[in-house]
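# Coordinate analysis (summary)
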Amino acid sequence: MVHLNWNDLPFGYVKTDFNVRCYFRDGKWSKPEISDSEYINIHMAATGLHYGQESFEGLKACRGKDGKVRLFRWDENAKRMTSSAHGIVMEPVPHDLFREAVFTAIRLNENYVPPYGSGASLYIRPLLYGSGPEVGVKPSKEYTFVVFVTPVGPYFKGGVKPVNMMICRDVDRAAPLGTGNIKVGGNYAASLRAIIKARDNGYSNVLFLDAKEKKYIDECGPANFFGIKGQTYITPLSESILPSIINKSLMAIADTIGIKTERRRIPVEELSEFDEVGACGTAAVISPVAKITDPDTDKTYIYCKDGNPGPVSLKLYNKLVGIQCGDEPDEFGWITILG
Ligand SMILES: Cc1ncc(COP(=O)(O)O)c(C=O)c1O
């Protein structure tokens, strides 16, 4: 294993030894190629640079107590990348190729999978973009698929800590019939102004409302939203949010531990009825929300005062992280063990 300060890793980029690249040219995908360079050579007229033909994924692998590397639900990320590719007319990556590239990138950098118990994990970033040159607005004829990995520290150092969020009405990250439901870079570029404004005002992130009417909750920055009412888990139904794999997994877990689930529109006013609120996604699994401020009405919704996550969020979090690390049985068949 390489020598890194595993307990003090940032949630950021750390160089590893190898990455994997595949090219779609002349109507077919190449075999995965291994590279030790952090740089990619790109045509200056590539559609990925000019017209936003770009999508990415994010998934994690953890080392278990038994020393084995466990990868969480890679097939869901492969499917979502296919849906992103269709959404912006790119050549989809065949699932076998996705799997081979991801598994190869992990195996070649196995030394960078953090040790069990450090709270850190290996983050895997598949990236697909139009690499062929075009000047008119049209899809590229060539695509590049890259997979790199980087070890990341736990999102919350020293345990899960509730965060504060700010409602945003003056920026939309995606339009109702646009690209909000796929993972393309443009959505993130569009969200930056709102995220920076929230951070500048002392909030950890922003709560986006539906772009059309500003009546319903959409998502929390780069994570899905959920609220807990009694023993019910409620999450937004919206055509402009990313279908989160962690959200789907939390709902599956909830179903098995007697917590009801609802996926439906959530009016902003319903924020006053939740016992617990959280943001969920690969990075943090669950970020419990302590309070949500609505700067337009000066209302503040408070969910935890003692700095601790609520009991239902904590139960779901512990179960999901337990499955990811191998401390809990993989009852849903979500884990692939790689060596
Ligand atoms: C906009 C957005 N919503 C939700 C999520 C959570 O998705 P997942 O659980 O698949 O990581 C992410 C992170 O990928 C995201 O970027």
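Preceding this paragraph is the structure being described.
What counts, and at which threshold
- The residue numbers shown here count from 1 along each chain, following its written sequence.
- Restriction of local features to residues with pLDDT of at least 70 applies here, the model being predicted, together with a cutoff of 80 or more for giving and counting side-chain atom pairs; totals for whole chains, interfaces and linings are based on all residues.
- To get the side-chain values, all heavy atoms of the structure are used, and hydrogens and water are removed first.
- One requirement defines pairing of two strands: DSSP has to find at least two bridges between them.
- Where helices and strands are cited, they refer to DSSP runs of H or I of at least four residues and of E of at least two residues respectively, numbered from the N terminus.
- Working definition of a nonpolar core: buried Ala, Val, Leu, Ile, Met, Phe, Trp, Tyr and Cys residues. They are joined through side-chain atoms within 4.5 Å.
- Burial here depends on accessible area, computed with a 1.4 Å probe over protein chains only, as a share of the maximum for the residue type. Under 20% is buried, over 50% is exposed, and the range in between is partly exposed.
- Only a single heavy atom is needed: when it lies within 4 Å of a molecule or strand, its residue is near that molecule or strand.
- Nitrogen and oxygen atoms within 3.5 Å of one another constitute a polar contact, given that in protein one can donate a hydrogen and the other can accept it, and given that sequence-neighbouring residues count only through two side-chain atoms.
- Computed with a 1.4 Å probe, the accessible areas rest on the Shrake-Rupley method; for each residue, only the protein chains presented here act as cover.

The next subject is the pairing of strand β11 (residues 217-220). In the case of a regular strand, side chains alternate between the two sheet surfaces. Here strand β10 (residues 205-209) runs beside β11; their pairing, made up of 2 bridges, is antiparallel. Bridged to leucine 209 within β11 is isoleucine 217.

On to the nonpolar core, then. Within the largest apolar cluster, 43 residues are counted, with the highest numbers of intra-cluster contacts made by Phe225, Tyr233, Leu271, Ile292 and Leu316. Judged by nonpolar contacts, the second largest core, of 34 residues, contains Cys22, Phe103, Ala105 and Ile106.

This part takes up the site of the ligand. The environment of the ligand is made up of 16 residues, and the closest members are Lys183, Tyr188, Glu219, Ser244 and Thr282. Between glutamate 219 and the ligand, the recorded distance is 2.7 Å, taken from a side-chain N or O atom to a nitrogen atom. Isolated, the ligand exposes 380 Å² of accessible area, and the fraction of that covered by the protein chains is 95%. Listing elements by their share of the shell around the ligand, those giving two or more residues are β12 (223-229), α5 (245-256) and β15 (276-281).

Quick look at unusual backbone geometry now. Backbone geometry at valine 285 places phi at a positive 65°, although glycine is not the residue there. With respect to the element layout, valine 285 can be found in strand β16 (residues 285-294). Here the phi dihedral of aspartate 298 falls at roughly 65°; this positive angle occurs in a residue that is not glycine. Relative to the helices and strands, aspartate 298 resides in the loop between β16 and β17 (299-302). For aspartate 298, a relative accessible area of 68% corresponds to the exposed category.

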